[in-house]
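For reference, the chains in residue letters:
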Amino acid sequence: MAYGAEINRENPTSIVFLIDQSKSMALPFGKQPERKKADGVADAINRLLQTLCINCARADGMHEYFQIGVIGYGRTVQSAFGDRFADQGLVPIGDISRQPLRIETRSKLMDDGAGGVFKRDLRFPVWFDAVAAGKTPMRPALDLATRWLSQFLTEHPHCYPPLVINITDGQADDDPAPAAAELCGLTSADGHVLLFNAHLSERHDPPIRFPQTDAGLPNDFARLLFRMSSVLPPKAVQAVLQAEQDPGNSSGVGAESRGFVFNADLVEMVQFLDIGTKSALGAVRR
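Described below are features of the structure shown in this document. These numbers were taken from a predicted model, which means no experiment stands behind them.

Here we look at the nonpolar core
One finds F17, F66, I68 and I167 to be the most contacted residues of the largest nonpolar core, which totals 56 residues. Of all the elements, helix 1 (residues 37–56) adds the most residues to this core, at 10 residues. I68 has contacts with I15, F17, L49, L52, F81, G89, L90, V91, I93 and I96, leaving out every residue within four places of it along the chain. Ranked by size, the runner-up nonpolar core spans 33 residues in total, among them L144, W148, V164 and L195.

Quick word on the environment of A42
One can find A42 in helix 1. A sequence separation of 90 residues divides A42 from A132, and the C-alpha atoms of the two residues are 11 Å apart. Look past the residues within four positions of A42 in its chain and what remains in contact with it is F128, D129 and A130.

Examining the layout of surface pockets
Computed from the structure, the largest pocket encloses a volume of approximately 300 Å³. Lining the largest pocket are R47, Q50, T51, I54, R106, S107, K108, L122, R123 and F124. If you list the elements that add at least two residues to the lining of the largest pocket, you get helix 1, strand 7 (102–111) and strand 8 (117–126). Its residues placed into classes, the lining of the largest pocket shows 3 nonpolar, 3 polar and 4 charged. Estimates place the volume of the second largest pocket at around 210 Å³. Contributing to the lining of the second largest pocket are R35, G40, D43, A44, R47, L48, T51, L266, V270, L273 and D274. Broken down by secondary-structure element, the contributors of at least two residues to the lining of the second largest pocket are helix 1 and helix 7 (266–281). At 6 residues, the largest contribution of residues to the lining of the second largest pocket is made by helix 1. Its residues placed into classes, the lining of the second largest pocket shows 5 nonpolar, 2 polar and 4 charged.

Description of the packing of helix 1 against helix 7
Taken N-terminus to C-terminus, the directions of helix 1 and helix 7 make an angle of 25°; their axes are 11 Å apart at the nearest point. Judged on the interaxial angle alone, helix 7 and helix 1 are roughly parallel. Where helix 1 crosses over helix 7, the two elements pack in a sense that is right-handed. Judged by residue contacts, G40, V41, A44, I45, L48, L52 and N55 of helix 1 engage L266, M269, V270, L273, T277 and L281 from helix 7.

Section: the pattern of salt bridges
Evaluated as defined, the whole model comprises 8 salt bridges. D43 is the partner of R35 in a salt bridge, and the nearest nitrogen-oxygen pair spans 2.8 Å. In this structure, R102 and D129 form a salt bridge, with 2.6 Å as the shortest nitrogen-oxygen distance. Here D129 lies in the loop between strand 8 and helix 3 (138–155) and R102 lies in strand 7, a separation of 27 residues in the sequence. Judged by its relative accessible area of 35%, R102 falls in the partly exposed class. With a relative accessible area of 32%, D129 lands in the partly exposed category. When salt bridges that share partners are traced, they join R102, E104 and D129 into one network.

Overview of the pairing of strand 12 (residues 194–200)
Within strand 12, 7 of the 7 residues are buried, which leaves it mostly tucked inside the rest of the structure. The two faces of strand 12 match: L194, F196, A198 and L200 on one face and L195, N197 and H199 on the other face are all buried. Direction of pairing for strand 9 (residues 163–168) relative to strand 12: parallel, over a ladder of 6 bridges. Paired with N166 across the bridge in strand 12 is N197. Note: strand 12 against strand 14 (residues 260–264), 3 bridges, orientation parallel. Residue N197 lies in a different strand from strand 14, and its bridge partner there is F260.

Cut-off values and rules
- Residues numbered from 1 in each chain as written.
- Predicted model: local features only at pLDDT ≥ 70, side-chain atom pairs only at ≥ 80, totals over all residues.
- Heavy atoms only, no water.
- Core = buried A, V, L, I, M, F, W, Y, C linked by side-chain atoms within 4.5 Å.
- Buried < 20%, exposed > 50% of the residue type's maximum accessible area, 1.4 Å probe, protein only.
- Helix = DSSP H or I, 4+ residues; strand = E, 2+ residues; numbered from the N terminus.
- Contact = heavy atoms within 4.5 Å.
- 1 Å grid on protein atoms, 1.4 Å probe; cavity = no way out; pocket = protein on both sides within 12 Å on 5 of 7 lines; lining within 4 Å.
- Points joined across faces, edges and corners; volume = space filled by probe spheres on them.
- Nonpolar A, V, L, I, M, F, W, Y, C, P; charged D, E, K, R; others polar.
- Axes fitted to C-alpha atoms, helices over the stretch in contact; angles between N-to-C directions.
- Parallel < 35°, antiparallel > 145°, perpendicular 65-115°, else oblique.
- Left-handed = near helix turned anticlockwise from the far one by under 90°.
- Salt bridge = Lys/Arg side-chain N within 4 Å of Asp/Glu carboxyl O.
- Pairing = 2+ DSSP bridges.

Structure follows, in structure tokens:
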């Protein structure tokens with residue numbers, strides 16, 4: 001059965017994040033006007049990398065379940081990890097865990113258990129900084145991901161299929177569909193590479209989550225992103241259904257739902273990333 005391979009140290013998979021770094025990412029989220037989209041994305045990816053590191057940590061050390069890539073596309077198209085991993089492409093999760101760019105101290109309000117709150121300082125590793133400059137060269141970013149994953153699949157032909165998560169807020173400079181089709185045409189013995197797309201917005205309209213058709217989407221760009229997105233594999237459907245145990249968090253996910261959200265705010269984007277990575281974490285050997 002496709003998308004059934006176990007992820008283990010001998011058979012890792014890969015997750016690649018494609019991050020729109022165009023100048024429009026300096027605009028705020030519609031429902032969080034105090035937060036620039038670029039800053040929200042950077043924080044979300046850094047938290048997610050920390051979660052992946054924690055999930056791979058064992059008593060005997062880091063288990064190399066994942067190789068991770070972060071591609072920024074805006075003024076340039078390149079690894080967004082910075083100088084440490086700039087020329088490396090995909091980076092083993094153990095190297096990521098050991099070598100953040102820096103450790104910041106951030107405050108978080110915590111429940112004191114007596115009806116009040118207190119402020120607690122937390123260590124926050126940073127691997128990826130916010131950038132907002134230039135245009136939206138999505139197609140070259142997809143091409144770079146294809147090159148990285150082609151090599152990975154040559155080395156790991158039986159892996160759980162790699163996942164690519166593209167986060168963007170606007171129209172690409174050129175047609176990304178051919179590059180997306182080439183990327184999704186890559187396969188392991190367990191299935192095709194998965195491509196999920198999250199469209200961010202400064203609008204206040206409700207998001208459209210995991211649609212099964214493009215009928216309700218409002219414009220050509222949304223429909224293009226939908227067509228580029230992969231149908232959710234079973235583990236991702238399970239992750240959506242688990243998240244929707246909250247009665248107010250329903251998308252109507254079904255067998256033909258795609259890994260796509262349109263008009264996402266910051267909260268929606270974080271949930272989308274969480275569901276995407278849970279579809280891979282569900283295959284990790286415990």
